[in-house]
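Residues per chain, in single letters:
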Amino acid sequence: QKEVEQNSGPLSVPEGAIASLNCTYSDRGSQSFFWYRQYSGKSPELIMFIYSNGDKEDGRFTAQLNKASQYVSLLIRDSQPSDSATYLCAVNGNNRLAFGKGNQVVVIP
Amino acid sequence: DTGVSQDPRHKITKRGQNVTFRCDPISEHNRLYWYRQTLGQGPEFLTYFQNEAQLEKSRLLSDRFSAERPKGSFSTLEIQRTEQGDSAMYLCASSYPTGGKLGDTQYFGPGTRLTVL
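In this text the structure is predicted, and so the values were computed from the model without any measurement. (Residues numbered from 1 in each chain as written. Chains lettered and ligands numbered in written order. Predicted model: local features only at pLDDT ≥ 70, side-chain atom pairs only at ≥ 80, totals over all residues. Heavy atoms only, no water.)

A. Structural context of unusual backbone geometry. Residues and elements named next belong to chain B. Omega for the peptide link from Asp7 to Pro8 comes to -5 degrees, which places this bond in the cis form. Along the chain, Pro8 turns up in the loop between strand E1 (5-7) and strand E2 (10-13). Phi at Asn51 takes a positive value of approximately 55 degrees, unusual for a residue other than glycine. Residue placement: Asn51 occurs in the loop between strand E5 (44-50) and strand E6 (53-57). Note on Asn51: relative accessible area 33%, which makes it partly exposed. (Helix = DSSP H or I, 4+ residues; strand = E, 2+ residues; numbered from the N terminus. Buried < 20%, exposed > 50% of the residue type's maximum accessible area, 1.4 Å probe, protein only.)

Okay, here's the thing in structure tokens:
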């Protein structure tokens, strides 16, 4: 079992809609969780981090963490064409980040 | 620009040649990481420094790979006798230790894209 799994295929959302991304992780002892955005050909850019169960909001982004179920999610509200990118879920363990494969989001104007 | 910088941004080399990449972390960050990313995959951890000490190396870091951070500032990643399978984006990240179990927030540089012909 991979450490971090992002299984959804490309996600197409209309402009203004909510994009919902999910991620599961295998190490129950993991303490910190990150979402990065990566545009094609560019490096990952930090969007949010979350440590505690529940929701954390930052602008149009909301991260949700459920440690009992070992999943993290990211909601993008009022999606914009500039949100079209790959979103990487990462889990910190022993000072290294373990990444999922990423989910591609396409926002359709 | 006070972010992580990497040089070169692109490198094309022939199989069997040696290549070296450089990473300059954010100035107050004493932790530095190298990752490798291939198309369609997330970044994979290679190695990690705290100051000048290399504290962890992944199994991905074969004996053809070596990383240094001689003065605890910039770091270099060298690949000897490159192979076509080494073609990837090599990413550097840095962080400042927050202490405790939460782990640090890592900020990535622009990456070096390596193509081995």
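B. Structural context of the sheet that holds strand E7 (residues 61-66) of chain A. All names here are of chain A. The antiparallel open sheet is built from five strands, whose spatial order is E1-E3-E8-E7-E6. At either margin of the open sheet sits one strand with a lone partner, and together these are strand E1 (4-5) and strand E6 (54-58). Alignment of E6 against E7, held across five bridges, turns out to be antiparallel. Across the sheet, Glu57 pairs through a bridge with Thr62, a residue of E7. (Pairing = 2+ DSSP bridges.)

C. Layout of the packing of aromatic side chains. All names here are of chain A. A complete count under the given rule lists 13 aromatic pairs over all chains for this structure. When the centroid spacing of 5.7 Å and the interplanar angle of 50 degrees are considered together, the rings of Tyr36 and Phe99 count as tilted. On the criterion of sequence distance, the pair formed by Tyr36 in strand E4 (residues 32-38) and Phe99 in strand E10 (residues 96-99) is long-range, its members being 63 residues apart. Per residue, the accessibility class of Tyr36 equals that of Phe99, and both read buried. (Phe/Tyr/Trp six-rings, centres within 6.5 Å; stacked < 30°, edge-to-face > 60°.)

D. Expanded view of the interface of chain A and chain B. Every contact between the two is made by 21 residues of chain A and, on the other side, 24 residues of chain B. Between chain A and chain B, roughly 1900 Å² of surface is buried when both sides are summed, and carbon and sulfur atoms account for 50% of that area. For the chain A face of the interface with chain B, the top three residues by lost area are Asn95, Arg96 and Lys101 of chain A, together amounting to 29%. Taken together, chain A and chain B are joined by one salt bridge. Glu56 of chain B is the partner of Arg96 of chain A in a salt bridge, and the nearest nitrogen-oxygen pair spans 2.5 Å. Connecting chain A to chain B are six residue pairs in polar contact (both at pLDDT 80 or more). Of all elements in the fold, only E4, strand E5 (45-50), strand E9 (85-93) and E10 of chain A reach the threshold of two or more residues within the side of chain A that touches chain B. Of all the elements, E4 of chain A adds the most residues to the side of chain A that touches chain B, at four residues. For the side of chain A that touches chain B, a count of residues per class yields nine nonpolar, nine polar and three charged. (Contact = heavy atoms within 4.5 Å. Buried area = accessible area lost by both parts, 1.4 Å probe. Salt bridge = Lys/Arg side-chain N within 4 Å of Asp/Glu carboxyl O. Polar contact = N/O pair within 3.5 Å; in protein donor to acceptor, adjacent residues only side chain to side chain. Nonpolar A, V, L, I, M, F, W, Y, C, P; charged D, E, K, R; others polar.)

E. Representation of the layout of surface pockets in the model. Taken as a whole, the largest pocket holds about 520 Å³ of empty space. Surrounding the largest pocket, 23 residues form its lining, Gln38 and Thr86 of chain A together with Gln37, Leu39 and Gly40 of chain B being those nearest its centre. Among the elements of the structure, E9 and strand E11 (103-108) of chain A together with strand E9 (88-95) of chain B are those that each provide at least two residues to the lining of the largest pocket. (1 Å grid on protein atoms, 1.4 Å probe; cavity = no way out; pocket = protein on both sides within 12 Å on 5 of 7 lines; lining within 4 Å. Points joined across faces, edges and corners; volume = space filled by probe spheres on them.)

Geometric values such as these leave the question of function open.
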